[in-house]
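A look at the structure
Listed below, chain by chain, are the residues.
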Amino acid sequence: MRRETAPDGPIRRTVLVGALGLATAALTGCGIRLDRDPNLPELAADDLLRDAVARSLAAIGTDTGPAAVQDAITTFTRAVGPPWNPPEDLDEPVAPPHPDPAPMDATAGLGDVARRVAEGLPDLGTTTSATAAVLLDVTAGALLHLDGLDADTAAEVRSALADGLTTAVQTAEEAAQSPTAEAAAGDRRTDDSQPDDGDRATGPATDAPTPAAALVTACYAAEYAYERAAVHLPDDDPARSGTAGRVGRLQGVVAAVGALVPDSPTPSDRPAWDLPEDPHDAETARAAMRSAEDSVAVSLLGARGSLPPAAFAAWLDDSARARSQAGGAQDLRFEVDQQTQEDAA
């Protein structure tokens, strides 16, 4: 069941089911070097960042912020999982990947989490892994709380996310103009962009849209929803005053997807879309906006295997802020299916 947002800040409402399968141990077990104990696995970049975020969350003291913020920190901690520590049976003891930070209050801790993720984006590769999606979801939720706790830090992190998105798009455009663009596009594809065996159709081939095309379609429909809904809100309502900016950012997503996923067909827009809620007053207008953002987030998660983490981070944060303005603030947008290392084996 969904709960309405608490007056003092976002609450946990994981309305979008994205079974990300984030393993709490998150081991890759690849590329073991001869100078390493064979029992010590290599950690991928997203696993290392997960460990850093987990340690920052663990360093936040209890009762150091409003109740809604403490609830959010608990939610984030459960989604990220515990810090990773090297096995205890190594021939030679090895230090954890990151030292434990000094104790922090809620504001400093959420700021530390958001900064760590923003700074770690360049190391996460060219597509968004399941682990990275969880970390970026936590970052979007942390930024919502930082808006009220430390607006300067929130603005600093969002500026870094915007810069990362700009760099990713420019890099994709330059690659598309190079003689080896086709090969580069092939390199950007990973297993994440392909459906699991259980998701593959067993019948004849269909004209199902690609995940990137589905994201573009969700943005088109969201633009229409905002244009239909905004007129039913008071002039001073944040959801109405933010409509023009949100529509512009949705159009920016469509344009950027064309550069980031050049091999994906671009669907056509249409003058009218079927909306889950027909906006006819303030309440239904906000509901239509929230539904539009849910569709965008679902499609964004589906397309993560084709998108660089910088794009995923910026667009998920935009959607989270827009949903919050429409009266639907959420700590997390995705529901995390936590697994142990044994479950993932």
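Look a little higher up for the structure.
Cut-offs and rules
- Residues numbered from 1 in each chain as written.
- Predicted model: local features only at pLDDT ≥ 70, side-chain atom pairs only at ≥ 80, totals over all residues.
- Heavy atoms only, no water.
- Helix = DSSP H or I, 4+ residues; strand = E, 2+ residues; numbered from the N terminus.
- Buried < 20%, exposed > 50% of the residue type's maximum accessible area, 1.4 Å probe, protein only.
- Contact = heavy atoms within 4.5 Å.
- Areas by Shrake-Rupley, 256 points an atom, 1.4 Å probe, with all protein chains shown as cover.
- Core = buried A, V, L, I, M, F, W, Y, C linked by side-chain atoms within 4.5 Å.
- Salt bridge = Lys/Arg side-chain N within 4 Å of Asp/Glu carboxyl O.
- 1 Å grid on protein atoms, 1.4 Å probe; cavity = no way out; pocket = protein on both sides within 12 Å on 5 of 7 lines; lining within 4 Å.
- Points joined across faces, edges and corners; volume = space filled by probe spheres on them.
- Nonpolar A, V, L, I, M, F, W, Y, C, P; charged D, E, K, R; others polar.

Examining the overall build of the protein chain
On a plain count of helices and strands, the protein chain comes out with twelve helices and two strands. Along its sequence from the N terminus, the protein chain presents helices and strands in the succession β-α-α-α-α-α-α-α-α-α-α-α-β-α. Counting over 345 residues, the protein chain shows a buried share of 47%. Taking the intrachain contacts of the protein chain between residues at least 6 apart in sequence as the baseline, contacts between residues at least 24 apart amount to 80%. Looking at the protein chain as shown, the accessible area adds up to about 16700 Å², and 51% of this sits on carbon and sulfur atoms.

A word on the nonpolar core
If you look at the biggest cluster of nonpolar residues, it comprises 83 residues, and the most contacted ones within it are L260 and W315. In terms of residue count, helix α7 (residues 211-230) provides more of this core than any other element does, twelve residues in total.

Overview of the pattern of salt bridges
Following the criterion strictly, the structure yields 15 salt bridges and no others. We note a salt bridge from D318 to R321, for which the minimum N-O separation is 3.2 Å. With a gap of three residues between them, D318 and R321 both fall in helix α11 (residues 309-325), about one helical turn apart. Each of D147, R158, R249, D317, D318 and R321 takes part in a single network of salt bridges with overlapping partners.

Section: empty space enclosed by the protein
Going through the model one piece at a time under the given rule, you end up with two cavities of 30 Å³ or more. L215, C219, R246, V253, V296, L300, W315 and D318 are the residues that line the largest cavity. Going through the elements one at a time, α7, α9 (243-260), α10 (282-302) and α11 are the ones with two or more residues in the lining of the largest cavity. Partitioning the lining of the largest cavity into residue classes produces six nonpolar, no polar and two charged. Size it by volume and the second largest cavity reaches roughly 40 Å³. Considering the residues around the second largest cavity, the lining is formed by Y226, A239, G242, T243, R246, R249, A322 and Q325. Counting only elements with at least two residues in the lining of the second largest cavity, the list comes to α9 and α11. Sort the elements by how many residues they give to the lining of the second largest cavity and α9 lands first, with three residues. By residue class, the composition of the lining of the second largest cavity is three nonpolar, three polar and two charged.

Observations concerning the layout of surface pockets
The space that makes up the second largest pocket amounts to roughly 170 Å³. Around the second largest pocket, the lining comprises 13 residues; the ones closest to its centre are L165, R249, A314, W315 and D318. For the lining of the second largest pocket, the secondary structure elements donating two or more residues are α5 (151-177), α9 and α11. Per-element tally for the lining of the second largest pocket: the top contributor is α11, with five residues. Taken together, the residues that form the lining of the second largest pocket break down as seven nonpolar, one polar and five charged.

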